[in-house]
Each structure stands twice: as C-alpha cells, then as structure tokens.
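Each chain, letter by letter, is given below.
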Amino acid sequence: MTSEFSISELAREFDITPRTIRFYEEKGLLSPRRNGSARIFSAADRVRLVLILRGKRIGFSLEESRDIIDMYEPATANTRQLETLMNKIYEKRLQLEQQKKEINAMIRDLKKTESTCRDALLVSNNK
C-alpha cells in the first residue's frame, strides 16, 4: 500500500468530493503537505479520514470525532480514547433509541389520524 495520496485518490477511494477533503483540512482535521499547489496526504491523514467518515456515519459531530482522534496515545494502549469513544457511543445510542420511540409514537398518531380521516370521508361520501 502506498504511503502518500493525492486528494483525488482519497476522494475516489472514499466516494467523497475533493471539496469535502479540503473542508476537513480547513477544520484542522487533516494536515497534508504541499508540493506547489498539490496536496500530498500521508498514510496517517488517510487513517484520520477513515475515522472522520466512520464518526460521521455513526452520528458524531466533527468536533466529537476530532476530540476522539486527538486522544490517540499508543503508549497508553489508548485507554482514555477507547473509554471516551465507548461513552460517546452509549450516549448516541440512547439518543437514537429515544428518537426511535418518538418516531414510532408519531407513526402511530399518523395512522390513527389517517384512519379517522378515511372513516370521515366514507361517511361523507355515503350521504
């Protein structure tokens, strides 16, 4: 595997736009070196991008992802990073479970209202 990547290579690999990668760079999440106007991303930048996209997929904000990524400390077996990640996952899961309950209640209410409307239309059409 290569240890350096262009912005277009990363964009293609992860099915994102170069603009998205530049945005992450502007936010300080990625730090490519420059060769003229070209951005050269390291293997570490690629790993950070993987983690950013994974965090996004599970609902983390960029700031949450940054905080967790920045905790990387291989000398400590990343205990603090893993504990923080587990806590964030737990919080996110609780939030999603609550949202799911609310959505299910809304669906029940919509079905009930829809049924009431349908019954009213049947009565109205039979007059």
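Here, the structure is the one placed above.
Residues numbered from 1 in each chain as written. Predicted model: local features only at pLDDT ≥ 70, side-chain atom pairs only at ≥ 80, totals over all residues. Heavy atoms only, no water.

K.L.:
In this structure, what is going on with the overall build of the chain? I would like to understand it.
P.N.:
A count of helical and extended segments in the chain gives five helices and three strands. In the chain, the succession of α and β elements from N to C terminus is β-α-α-β-β-α-α-α. Principal-axis analysis of the C-alpha atoms places the extent of the chain at approximately 80 × 35 × 25 Å. Taken over 127 residues, the chain has a buried fraction of 23%. A separation threshold of at least 6 residues defines the contact pool for the chain, and within that pool the share at least 24 residues apart is 47%. Within the structure as shown, the chain displays about 9400 Å² of accessible surface, and the carbon and sulfur contribution to it stands at 55%. Positive and negative side-chain charges in the chain, numbering 24 and 19 respectively, have mean positions lying 4 Å apart. (Helix = DSSP H or I, 4+ residues; strand = E, 2+ residues; numbered from the N terminus. Buried < 20%, exposed > 50% of the residue type's maximum accessible area, 1.4 Å probe, protein only. Contact = heavy atoms within 4.5 Å. Areas by Shrake-Rupley, 256 points an atom, 1.4 Å probe, with all protein chains shown as cover. Lys, Arg positive; Asp, Glu negative; His and termini not counted. Charge placed at Lys NZ, Arg CZ, Asp CG, Glu CD.)

K.L.:
Would you take a moment to explain the pattern of salt bridges for this structure?
P.N.:
Any two side chains of opposite charge can pair, on the condition that their charged atoms come close. Scanning all chains against the criterion turns up eleven salt bridges. R33 is paired through a salt bridge with E4; the nearest N and O atoms lie 2.7 Å apart. Here the residue R33 occupies a position in strand β2 (residues 33-35), and E4 occupies one in strand β1 (residues 4-6), the gap between them amounting to 29 residues. Residues D70 and R48 are paired through a salt bridge, measuring 3.3 Å at the closest nitrogen-oxygen approach. One end of the pair, D70, is in helix α4 (residues 62-70); the other, R48, is in helix α3 (residues 43-57), and 22 residues separate them in sequence. For D70, a relative accessible area of 47% corresponds to the partly exposed category. Linked by salt bridges that have partners in common, E25, R34 and R39 make up one network. (Salt bridge = Lys/Arg side-chain N within 4 Å of Asp/Glu carboxyl O.)

K.L.:
What's the story with the layout of surface pockets in this structure? I'm lost.
P.N.:
Empty space among the atoms becomes visible once a probe the size of a water molecule is rolled across them. Approximately 360 Å³ is the volume found for the largest pocket. Contributing to the lining of the largest pocket are 16 residues, with L51, I68, I69, Q81 and L85 lying nearest its centre. Residue assignment for the lining of the largest pocket shows that the elements contributing at least two residues are α3, α4 and α5 (79-125). Here the residues of the lining of the largest pocket sort into eleven nonpolar, three polar and two charged. (1 Å grid on protein atoms, 1.4 Å probe; cavity = no way out; pocket = protein on both sides within 12 Å on 5 of 7 lines; lining within 4 Å. Points joined across faces, edges and corners; volume = space filled by probe spheres on them. Nonpolar A, V, L, I, M, F, W, Y, C, P; charged D, E, K, R; others polar.)

K.L.:
What should I look at first to understand the sheet that holds strand β3 (residues 38-42) in this one?
P.N.:
Each strand in a sheet pairs with another by means of backbone hydrogen bonds, the pair being arranged parallel or else antiparallel. Taken in spatial order, the three strands line up as β1-β3-β2 in an open sheet, and their pairing is antiparallel. Strands with a single pairing partner mark the edges of an open sheet, and in this sheet they are β1 and β2. Each adjacent strand pair in this sheet contributes to an overall mean axis angle of 40 degrees, direction not counted. Taken together, the three bridges between β2 and β3 define a ladder with antiparallel strand orientation. Each residue of the ladder has a partner; that of R34, found in β3, is R39. Lying on the sheet, helix α1 (residues 7-14) is in contact with β1 and β3; it crosses β1 at an angle near 85 degrees. Against the sheet, α3 engages β1 and β3, with an angle of about 80 degrees to β3. (Pairing = 2+ DSSP bridges. Axes fitted to C-alpha atoms, helices over the stretch in contact; angles between N-to-C directions.)

K.L.:
Please explain unusual backbone geometry as it appears in this structure.
P.N.:
Where the residue is not glycine, phi is negative for most of them; where a peptide bond is considered, it is trans in most cases. One non-glycine residue, D15, lies in the positive phi region at around 55 degrees. Its relative accessible area of 72% is what places D15 among the exposed residues. The backbone of N78 shows a phi angle near 60 degrees, a positive value even though the residue is not glycine. Considering the arrangement of structural elements, one finds N78 in the loop between α4 and α5.

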